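Each chain, letter by letter, is given below.
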Amino acid sequence: MSQSRVPLLAYACLASGMALVGCYVGLSRLLVAALPVFLLAWMRFGIAALAMAHWVRRGEAEAPLTPHDRKLLFWESFLGNFLFSICMLYGVKATSALAAGVVMAAIPAAVAILSRLFLGERITRRVAGAIALAAAGIALLALAKAPAGSAEAGAPWWGYALLLAAVVCEASYVVIGKRLTGNVSPKRISALINLWGLALVTPFGIWQALSFDFAAVAAPTWALLVFYAIAASMVTVWLWMAGLRHVPASQAGVFTVMLPVSAALIGVVFLGEHFGAGHAAAFALALAGLLLATWPARR
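Note that the structure is a prediction, hence the values are computed from the model and not measured. All chains use their own residue numbering, which begins from 1 and follows the written sequence. Only residues with pLDDT of at least 70 are given local features in this predicted model, and only at 80 or more are side-chain atom pairs given and counted; all residues enter the totals for whole chains, interfaces and linings. In computing side-chain properties, one takes all heavy atoms of the structure into account and sets aside hydrogens as well as water.

Trainee: What's the story with a nonpolar patch on the surface in this structure? I'm lost.
Mentor: Residues Ile113, Leu117 and Phe118 make up a contiguous nonpolar surface patch of roughly 350 Å² in combined accessible area. Mapped onto the elements, Phe118 comes out in helix H5 (residues 107-119). Patch definition: residues above 30% relative accessible area lacking any salt bridge, with like charges linked at up to 9 Å and the nonpolar side chains Val, Leu, Ile, Met, Phe, Trp and Tyr linked at up to 5 Å. To measure how exposed things are, a 1.4 Å probe is used in the Shrake-Rupley method; for residues, cover is taken only from the protein chains shown. Salt bridges are defined by distance alone: a side-chain nitrogen of Lys or Arg within 4 Å of a carboxyl oxygen of Asp or Glu. A run of H or I in DSSP becomes a helix once it reaches four residues, and a run of E becomes a strand once it reaches two; helices and strands are each numbered from the N terminus.

What follows is the structure, encoded as structure tokens:
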């Protein structure tokens, strides 16, 4: 697919979808402080399932799901929704936010590699350069957020292994999504993988709900939970799948840089974190990577 033929709207969907992911990741710190992780995930999928109930039905012009499509939907939810969250949360807990930011810089490269292996997509020089710029920008951003003199000494090796597994899960989410968008509409993909996520987390959610005091949760937290559920399970997935229909997976992977960038902005704007020259340089590199990957090619 020629870059000059890719609609700008597809790029906007990819960028805004990943930016929204970073926003709710940053804001979810407030939710995790009030709700257990599995209970939070269970209620998230449940709220989104109610909101997307009308998206489950197959459209008139849409072909029935094949057995292959059903398998892809399961793995899309298991890797991109369920396993990614577990690996990332426990990986950050065992290491640090700085370590997570540096490791997450590998997502665009992981997407390009998996796209080459499973989709047969060629990695062009421009996409390879964009991946390098994106990785450098996010790594610099993570380093800029670290306090002076901090170190990750003493962190267990399995903490870093979990973070790396989260990177592979997110990259798999992108690649599997590219396969799905050829046969299933973005809205239906969003609804079906959310239902799989609800089924996978329900036993753990019920287990934590039995001993949780729901009356202790403040009203603003419940409002934030509704926003989190709609944004995480409904809006971001639809935006990502809608854009992915028109963009090669290796090129779309570059847009994952918007996740840690927007999460850092949430920290600066709402959590009072310091914004310095390192942050500005990181944003410049990330933007340069996006421009390099999406700038129309000469005919």
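The discussion continues.
Trainee: Looking at this structure, I do not really get the side chain of Gln208. What am I missing?
Mentor: With respect to the helices, strands and loops of the structure, Gln208 is situated in helix H8 (residues 186-209). Once residues within four sequence positions are removed from consideration, Gln208 is found in contact with Pro36, Val37, Phe38 and Leu39. Whether two residues touch is decided by their heavy atoms; if any such pair falls within 4.5 Å, the residues are in contact.

Trainee: Explain the packing of helix H2 (residues 37-51) against H8 to me, please; I cannot follow it from the model alone.
Mentor: For any two helices packed against each other, the geometry comes down to the angle between their axes and how far apart the axes lie. The axes are straight lines fitted to the C-alpha atoms, using for helices just the contacting stretch, and the angles between their N-to-C directions are given from 0 to 180°. Following both chains from N to C, one finds H2 and H8 inclined at 140°, their axes separated by 7 Å at the closest point. Taken as axis vectors, H2 and H8 run oblique relative to one another. As H2 runs across H8, the sense of the crossing is left-handed. Where H2 approaches H8, its residues Val37, Phe38, Leu39, Ala41, Trp42, Phe45, Gly46, Ala48 and Ala49 are matched on the opposing element by Asn194, Leu195, Gly197, Leu198, Val201, Thr202, Phe204, Gly205, Ile206, Gln208 and Ala209. Grouping the constituent residues of the contact of H2 with H8 by class yields 14 nonpolar, six polar and no charged. Should an angle fall under 35 degrees it is called roughly parallel, over 145 degrees roughly antiparallel, and 65 to 115 degrees roughly perpendicular, with every other angle called oblique. Handedness of each helix crossing follows the sense of rotation of the near helix against the far helix: counterclockwise by less than a right angle gives left-handed, clockwise gives right-handed. For this scheme, ten residues count as nonpolar: Ala, Val, Leu, Ile, Met, Phe, Trp, Tyr, Cys and Pro. Four count as charged, namely Asp, Glu, Lys and Arg, and the remainder, Gly too, count as polar.

Trainee: Mind showing me how you'd approach the packing of aromatic side chains here?
Mentor: Each aromatic ring pair is summarised here by two numbers: the centre-to-centre distance and the angle between the ring planes. To pair, rings of Phe, Tyr and Trp, with the six-membered ring standing in for Trp, must have centres within 6.5 Å; the planes then decide the type, stacked if under 30 degrees apart, edge-to-face if over 60, and tilted in the middle. If you walk through the whole model with that rule in mind, you get 10 aromatic pairs. Where Phe74 meets Phe78, the ring centres are 5.8 Å apart and the plane angle is 10°; that geometry is what we call stacked. With Phe74 and Phe78 both in helix H3 (residues 67-94) and four residues apart, the pair spans about one turn of that helix. Burial classification: accessible surface area is computed with a 1.4 Å probe over protein chains only, and a residue below 20% of its type maximum counts as buried, one above 50% as exposed, and the rest as partly exposed. Taking the relative accessible area as the measure of exposure, Phe74 reaches 22% and is therefore partly exposed. Look at Phe214 and Trp222: their rings are 6.4 Å apart centre to centre, the planes differ by 10°, and that puts the pair in the stacked class. Since its relative accessible area comes to 29%, Trp222 is described here as partly exposed. Taken together through their ring pairs, the aromatic side chains of Phe38, Phe74, Trp75, Phe78, Phe82, Trp196 and Phe204 make up a single cluster.

Trainee: Sorry, what's going on with the side chain of Asn194 here?
Mentor: Structurally, Asn194 is set in helix H8. Non-local contacts of Asn194, meaning those with residues more than four positions away in its chain, are made with Phe45, Ala48, Ala49, Met52 and Ser233.

Trainee: I tried to follow H5 on my own but got confused; where do I start?
Mentor: In an α-helix, one turn spans 3.6 residues, which is why side chains three or four residues apart end up on the same side. With 13 residues, H5 should reach 18 Å at 1.5 Å per residue; the first-to-last C-alpha distance of 17 Å fits that figure. All of the buried residues along H5 are Ile107, Pro108, Ala110, Val111, Ala112, Leu114 and Ser115. Just downstream of H5 lies Gly120, where phi reads positive at about 70°. The length a helix should cover is 1.5 Å for every residue beyond the first.

Trainee: It is not clear to me how the packing of H8 against helix H9 (residues 219-244) should be interpreted in this structure. Could you clarify?
Mentor: Direction vectors running N to C along H8 and H9 enclose 135°, while the axes themselves pass 8 Å from each other. For the element pair H8 / H9, the angle class is oblique. Considering only the axes of H8 and H9, their crossing is right-handed. Each of Pro186, Lys187, Ile189, Ser190, Ile193 and Asn194 in H8 lies in contact with H9, whose residues at this interface are Ser233, Met234, Val237, Trp238, Met241 and Ala242. Of the residues belonging to the contact of H8 with H9, the class tally is eight nonpolar, three polar and one charged.

Trainee: I would appreciate a short explanation of the environment of Ile206 in the present structure.
Mentor: Considering the arrangement of structural elements, one finds Ile206 in helix H8. The exposure class assigned to Ile206 is partly exposed, which follows from its relative accessible area of 38%.

Trainee: Where do I start with the state of the cysteines in this structure?
Mentor: By definition, a disulfide links the sulfur atoms of two cysteine residues through a covalent bond. Only a pair of cysteine sulfur atoms within 2.5 Å counts as a disulfide in this structure description. By the definition in use, this model includes zero disulfides. Distance from the sulfur of Cys169, which forms no disulfide, to the nearest cysteine sulfur (Cys87) is 5.0 Å.

Trainee: Would you take a moment to explain the environment of Ala218 for this structure?
Mentor: Structurally, Ala218 can be placed in the loop between H8 and H9. For Ala218, a relative accessible area of 41% corresponds to the partly exposed category.

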